[in-house]
Amino acid sequence: MPPARRPPAARRPAVPAAAPAPEPRRPSGPRLTGLGAGLFCGAVMFLLGGLDLLLGGGSTVYGVLFLPVCALTALWVRKGDLLTAPVVVPIGFAVGLLPVIDGDAGFLGKLMSLVAALATQAPWLYAGTLIAGVTALARRVVQAARRRAMRKHMAG
């Protein structure tokens, strides 16, 4: 009796070579967490406050320099932390005033000088906060529109 023949093994189709994974898109610029945005804004404003003190303490220079810092903070914060940008810029503004204020009567004197400086610099503070808020809101709207377009593209 001849040996029993085994049925030929089913051949698997050849696995095509995997296509190279697309490179992830890199963000155009730094991406800061909410805390990082606060530290960035606070540190830059503190340095600008010291520079303002060296230049003679002109409050207008400090206010004008605050506006681009607000815009950069709102542009560089991560998508998930967009709502922190309008919150951290006023804190950074107050931190930047610390080298500029001139309270001589200890802690309470410094605190009162800081409050007075914030009151006199309120237009700059409001303008910078508005810039950060509008920038963050615009980024949020663009993000939602992209997400909606991607869902629409995937659905049909």
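Going by the structure above, here's the rest.
Residues numbered from 1 in each chain as written. Predicted model: local features only at pLDDT ≥ 70, side-chain atom pairs only at ≥ 80, totals over all residues. Heavy atoms only, no water.

A.B. asks: Is there a simple way to think about the overall build of the protein in this case?
C.D. replies: When its secondary structure is counted, the protein shows five helices and zero strands. Counting from the amino terminus, the protein carries its helices and strands in the arrangement α-α-α-α-α. The buried share of the protein, reckoned over its 156 residues, is 28%. Approximately 11200 Å² of the protein is accessible, and the part contributed by carbon and sulfur atoms is 69%. (Helix = DSSP H or I, 4+ residues; strand = E, 2+ residues; numbered from the N terminus. Buried < 20%, exposed > 50% of the residue type's maximum accessible area, 1.4 Å probe, protein only. Areas by Shrake-Rupley, 256 points an atom, 1.4 Å probe, with all protein chains shown as cover.)

A.B. asks: Explanation requested: a nonpolar patch on the surface in the structure shown.
C.D. replies: Taken together, the side chains of Phe107, Leu108, Leu111 and Val115 make up a nonpolar region of the molecular surface, amounting to roughly 430 Å² of accessible area. For Val115, the location among the structural elements is in helix H4 (residues 106–120). Its relative accessible area of 45% is what places Val115 among the partly exposed residues. (Patch = residues over 30% accessible without salt bridge, like charges linked within 9 Å, V, L, I, M, F, W, Y side chains within 5 Å. Salt bridge = Lys/Arg side-chain N within 4 Å of Asp/Glu carboxyl O.)

A.B. asks: Would you explain the nonpolar core in this entry?
C.D. replies: Within soluble globular proteins, side chains that are nonpolar generally end up buried alongside one another. The biggest cluster of nonpolar side chains holds 24 residues, and the ones touching the most others in it are Met45, Phe66, Val89, Phe93 and Leu97. Ranked by the residues each element gives to this core, the list is headed by helix H2 (residues 59–76), at six residues. The residues touching Val89, leaving out its near neighbours within four places in the chain, are Cys41, Phe66, Cys70, Thr73, Gly128, Thr129 and Ala132. (Core = buried A, V, L, I, M, F, W, Y, C linked by side-chain atoms within 4.5 Å. Contact = heavy atoms within 4.5 Å.)

A.B. asks: How should I be thinking about the pattern of salt bridges in this particular structure?
C.D. replies: Side chains carrying opposite charge are able to pair once their charged atoms draw close together. Following the criterion strictly, the structure yields one salt bridge and no others. Note that Arg78 and Asp81 form a salt bridge whose closest N and O atoms lie 3.0 Å from each other. Owing to a relative accessible area of 40%, Arg78 belongs among the partly exposed residues under this scheme.

A.B. asks: Help me understand the environment of Leu65, please; the structure alone is not making it clear to me.
C.D. replies: Within the fold, Leu65 resides in helix H2. In this structure Leu65 comes out as partly exposed when scored by relative accessible area, which is 30%. Considering only alpha carbons, one finds Leu65 and Met45, 20 residues apart in sequence, at a separation of 8.4 Å.

A.B. asks: Can you walk me through the packing of aromatic side chains in this structure?
C.D. replies: Aromatic ring pairs are reported here in terms of the distance separating the ring centres and the angle at which the planes meet. For the structure on display, the rule yields three aromatic pairs. With 5.1 Å between their ring centres and 55° between their planes, Tyr62 and Phe93 make a pair best called tilted. Linking Tyr62 in helix H2 with Phe93 in helix H3 (residues 85–97), this pair joins segments that are 31 residues apart in sequence. The class of Tyr62 is buried, set by a relative accessible area of 1%. Here Phe93 falls in the buried class, since its relative accessible area comes to 0%. Their ring planes at 65° and their centres at 4.7 Å tell us that Phe66 and Phe93 sit as a pair that is edge-to-face. Taken together, the positions of Phe66 in helix H2 and Phe93 in helix H3 put the pair 27 residues apart, joining distant regions of the chain. Relative accessible area serves as the criterion here: at 0%, Phe66 is assigned to the buried category. (Phe/Tyr/Trp six-rings, centres within 6.5 Å; stacked < 30°, edge-to-face > 60°.)

A.B. asks: Honestly, the environment of Phe46 in this entry has me stumped. Any pointers?
C.D. replies: Relative to the assigned elements, Phe46 resides in helix H1 (residues 34–54). In sequence terms Phe46 and Ala94 are 48 residues apart; their C-alpha atoms lie 8.8 Å from each other. Filtering out sequence-adjacent residues up to four positions away, Phe46 remains in contact with Val95, Gly96, Leu98 and Pro99.

The quantities given are spatial measurements derived from coordinates; they are silent on function.
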